[in-house]
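Topology and contacts: notes
Spelled out, the chains give:
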Amino acid sequence: MITLSGFVSQLLEIILALALAPLLTGWVNQWRAWLQNRSAPSLLQPYRVLHKLFNKESVVAESASPIFRIAPYIVFGCMTLVCAIAPTLSTDLPLAPAADTIALVGLFALARVFISLAAMDIGTSFGTLGARREMLIGFLAEPALLMVLFSASLITQSTSLANIVETLAHQPFAIYPSLVVAGVAFTFVALAENARVPVDNPATHLELTMIHEALILEYSGRHLALIEWAAALKLFAYSCIGLALFFPWGIAGAGTPLAMLVAMPVLLAKLAIGGVLLALIETINAKMRLFRVPEFLATAFLLAVIALLVHVLLGA
Amino acid sequence: MFFWEPEVNTLLTQSINLFATGLLVLAFAMIAQRRILTLIHLFTLQGASLVAATLVVAYLTDQHHLYYSAAITFALKVVLIPILLHRLIDRLNVRWDVETLLNIPTTMLIGIVLVIFAFNLAAPIAVLSNSIARGTLGIALASVLLSFLMMIVRAKAVPQVIGFLSMENGLFFAATAATSGMPMLVELGIAFDVLVGILILGVFMFQIREQFDSLDIRHLEKLKED
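Residues numbered from 1 in each chain as written. Chains lettered and ligands numbered in written order. Predicted model: local features only at pLDDT ≥ 70, side-chain atom pairs only at ≥ 80, totals over all residues.

Quick notes on the overall build of chain A
Each helix and strand counted, chain A has 11 helices and 0 strands in total. In sequence order, the secondary structure elements of chain A are arranged as α-α-α-α-α-α-α-α-α-α-α. Whereas a compact globule of 316 residues would reach a radius of gyration of roughly 20 Å, chain A reaches 19 Å, a difference of no more than 12%. Scored against the burial criterion, the 316 residues of chain A give a buried share of 49%. For chain A, restricting intrachain contacts to residue pairs at least 6 apart in sequence, the fraction spanning at least 24 positions comes to 80%. (Helix = DSSP H or I, 4+ residues; strand = E, 2+ residues; numbered from the N terminus. Rg over C-alpha atoms; globule rule 2.2 N^0.38 Å. Buried ≥ 20, exposed ≤ 12 C-beta atoms within 10 Å, placed from the backbone. Contact = placed C-beta atoms within 7 Å.)

Have a look at this one:
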């Protein structure tokens with residue numbers, strides 16, 4: 001049943017995600033620039049880029065099929081839905097039953113399939129190269145992500161993200177070694193999935209190493225704006241899922257809409273710290289060779305499996 | 001006696017599990033690591049988590065000899081042996097050596113199988129024990145087996161020695177987990193054995209290198225000069 005407070009919290013969450021996602025990207029970029037001794041771009045730079053792109057004409061190649069045109073909308077839609085399901089402020093979300101954690105991974109996969117199809121659609125070599133690399137990373141990252149989510153599911157006896165977070169947030173504080181290990185694995189996966197430094201460099205158009213940039217090379221105008229926004233939303237969603245699973249304190253439960261007033265500043269503080277840590281990781285690590293990426297993600301997968309095994313052994 | 005003592009004790013009991021998991025993950029990280037210098041850092045960290053686990057067990061069970069053994073472990077495995085290893089790799093000039101290994105992901109998959117095996121093996125034993133950290137016996141056993149694996153798959157001498165030392169970490173933790181520590185005399189004996197062992201192995205490594213101009217122990221497989 002949809003209650004009014006549930007509806008409000010759902011609406012608030014979606015608006016918050018759409019509005020704050022570019023800000024988080026800007027925050028990470030700013031810190032990265034500071035840590036690397038560069039002069040930082042403005043915090044609002046991602047908004048300016050989006051504004052610029054939305055006002056530009058969208059150029060589409062002659063050979064493009066409809067897939068190329070609809071892919072940005074599908075990707076953007078998937079990421080918005082993911083942000084709506086991930087409990088950022090409250091666990092009282094009417095949309096939460098739409099997808100449990102397994103379907104959540106499926107949503108990420110759907111977006112990936114469409115962006116890869118669109119990249120191959122034009123038939124340029126860069127698009128195909130990017131699509132292949134993206135699928136390579138995707139098929140290695142997905143099982144690891146699933147295993148991470150499963151270890152949280154095992155602890156809370158539920159695969160619904162809202163239920164997991166509700167259970168974790170409102171129980172007496174306990175140390176879960178399995179969640180600690182799963183958290184490390186989740187960080188690995190999040191870095192790979194969001195095209196961050198050890199795997200991909202989001203700030204470069206260097207032909208030989210790019211993955212995400214190669215995928216979207218052919219897009220322009222409002223299509224590119226939607227994809228950039230979706231990328232920001234993806235980073236936001238991953239950050240929020242990670243925070244909700246491993247630092248669930250402060251998220252409002254069902255039936256306490258006023259707790260959202262506390263949840264908002266807590267979320268902002270957690271995201272701010274997380275953004276700085278991400279910038280730090282990106283600064284102190286060098287980008288690895290593409291052929292090392294499978295090893296990196298295999299490590300993430302094995303860590304997640306260890307988390308599951310440790311949970312089975314210790315019951316914690 | 002404070003009113004929050006029961007909660008703190010619960011958290012401390014849980015933190016034993018955390019340190020044990022740290023021990024296991026670090027054993028895995030050692031298998032995956034190519035650089036010798038990082039390997040030594042990982043070994044130091046593993047020693048530190050062993051010390052932390054021993055201290056917590058000592059506090060919870062109120063056994064004073066465990067404090068001493070934690071102190072010995074700290075002095076040996078966090079301070080003395082890493083320093084010795086650092087000096088060793090400096091003098092052997094293998095500080096930045098990157099070891100060529102057979103396929104790391106395969107090794108790690110074998111490692112996972114070993115972990116499952118160890119967990120299954122330890123489960124019935126842990127039921128019989130009444131020690132506070134009995135659940136972690138499987139983890140200790142898994143760390144021992146993983147260090148074994150590391151000694152088997154490594155081709156160079158220094159990582160093999162580190163594998164040997166990390167195996168000792170696992171054994172030590174198994175003793176703490178299953179029986180709240182060995183008698184003091186045994187512990188002291190093992191500590192000095194390890195110390196003497198690393199000194200002898202250090203000399204041995206210099207000999208290997210002088211003979212073969214490399215630390216690759218595959219050279220030792222040939223018995224005669226041809």
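Thoughts on the overall build of chain B
Along the backbone of chain B there are 7 helices and 0 strands. Seen in sequence order, chain B has helices and strands lined up from the N terminus as α-α-α-α-α-α-α. Its C-alpha atoms give chain B a radius of gyration of 19 Å, within 12% of the compact-globule value 17 Å for 226 residues. Structurally, chain B occupies a C-alpha span of about 70 × 35 × 30 Å along its principal axes. When each of the 226 residues of chain B is scored for burial, the buried share is 41%. Across chain B, the fraction of contacts at a sequence separation of at least 24, relative to all contacts at a separation of at least 6, is 76%.

Quick look at the environment of A:Leu208
If you trace the backbone, A:Leu208 turns up in the loop between α7 (177-193) and α8 (212-215). Among the residues examined, A:Leu208 registers 7 C-beta atoms within 10 Å and is labelled exposed.

Observations concerning the nonpolar core
One recurring pattern in soluble globular proteins is that nonpolar side chains are buried together. The biggest cluster of nonpolar side chains holds 168 residues, and the ones touching the most others in it are A:Ala144, A:Ala185, A:Val189, A:Phe236, A:Ala304 and A:Ile306. If one sorts the elements of this core by residue count, helix α9 (residues 221-246) of chain A sits on top with 18 residues. Sequence-distant contacts of A:Ile306, that is, excluding residues within four places in its chain, are made with A:Val181, B:Leu24, B:Val25, B:Phe28 and B:Val115. (Core = buried A, V, L, I, M, F, W, Y, C linked by C-beta atoms within 7 Å.)

Thoughts on unusual backbone geometry
Although it is not a glycine, A:Gln157 adopts a positive phi angle of roughly 60 degrees. You can call A:Gln157 exposed: it has 9 C-beta atoms within 10 Å. Positive phi, normally seen in glycine, also occurs at B:Asp62, with a value near 60 degrees. Structurally, the position occupied by B:Asp62 is in the loop between α2 (36-61) and α3 (64-92).

Focus on the interface of chain B and chain A
Between chain B and chain A, the contact holds 19 residues from the first and 17 residues from the second. Contributions of two or more residues to the side of chain B that touches chain A are made by α1 (5-32) and α4 (104-128) of chain B. Broken down by element, the residue count for the side of chain B that touches chain A peaks at 10 residues, all from α1(B). Grouping the constituent residues of the side of chain B that touches chain A by class yields 13 nonpolar, 6 polar and no charged. (Nonpolar A, V, L, I, M, F, W, Y, C, P; charged D, E, K, R; others polar.)

Section: helix α5 (residues 125-156) of chain A
With 32 residues, α5(A) extends 46 Å from end C-alpha to end C-alpha; this agrees with the ideal 46 Å at 1.5 Å per step. Positive backbone phi, at 60 degrees, marks A:Gln157, one or two positions downstream of α5(A). (Expected span 1.5 Å × (residues − 1).)

Section: the packing of α4(B) against helix α5 (residues 137-153) of chain B
All names here are of chain B. Axis separation between α4 and α5 bottoms out at 8 Å; the angle between their running directions is 145 degrees. Of the two possible hands of crossing, α4 and α5 adopt the one that is right-handed. For the pair α4 and α5, the contacting residues are Thr107, Ile110, Gly111, Leu114, Val115, Ala118, Phe119, Leu121, Ala122, Ala123, Ile125 and Ala126 in the first and Leu137, Gly138, Leu141, Ala142, Leu145, Leu146, Leu149 and Val153 in the second. Broken down by class, the residue content of the contact of α4 with α5 amounts to 17 nonpolar, 3 polar and no charged. (Axes fitted to C-alpha atoms, helices over the stretch in contact; angles between N-to-C directions. Left-handed = near helix turned anticlockwise from the far one by under 90°.)

Comments concerning α2(B)
Its 26 residues place the ends of α2(B) 37 Å apart at the C-alpha level, agreeing with the 38 Å of an ideal helix rising 1.5 Å per residue. After α2(B) finishes, the residue B:Asp62 shows a positive phi value of roughly 60 degrees.

Brief notes about the environment of B:Tyr68
Residues and elements named next belong to chain B. If you trace the backbone, Tyr68 turns up in helix α3. A tally of 16 C-beta atoms within 10 Å means that Tyr68 is categorised as partly exposed. Each C-alpha atom, one on Tyr68 and one on Leu188, is 9.8 Å from the other, the two residues being 120 residues apart in sequence.

Section: the confidence of the model for chain B
Parts of the prediction with low pLDDT should not have their coordinates interpreted in detail. Residue and element names in this part refer to chain B. In this model, chain B carries a mean pLDDT of 83, and residues with pLDDT of at least 70 account for 92%. Per-element mean pLDDT across chain B ranges from 80 in helix α7 (residues 184-212) up to 91 in α2. Predicted complex metrics record ipTM = 0.84 and pTM = 0.90. (pLDDT = per-residue confidence, 0-100.)

Overview of the packing of helix α1 (residues 4-35) of chain A against helix α2 (residues 45-54) of chain A
All names here are of chain A. One can describe the packing of α1 onto α2 by two numbers: an axis separation of 7 Å at closest approach and a directional angle of 125 degrees. Taken together, the axes of α1 and α2 are oblique relative to one another. For the pair α1 and α2, contact is made by Pro22, Thr25, Gly26 and Asn29 and by Gln45, Pro46, Tyr47 and Leu50, respectively. In terms of residue class, the contact of α1 with α2 is made up of 4 nonpolar, 4 polar and no charged. (Parallel < 35°, antiparallel > 145°, perpendicular 65-115°, else oblique.)

As for the environment of B:Gly47
Residue and element names in this part refer to chain B. Mapped onto the elements of the fold, Gly47 is located in helix α2. For Gly47, a count of 25 C-beta atoms within 10 Å gives the class buried. Taking the C-alpha atoms as reference points, Gly47 and Phe19, separated by 28 residues in sequence, lie 11 Å from one another. Contacts of Gly47, omitting those with residues within four sequence positions, involve Thr73, Lys77, Val78 and Asn169.

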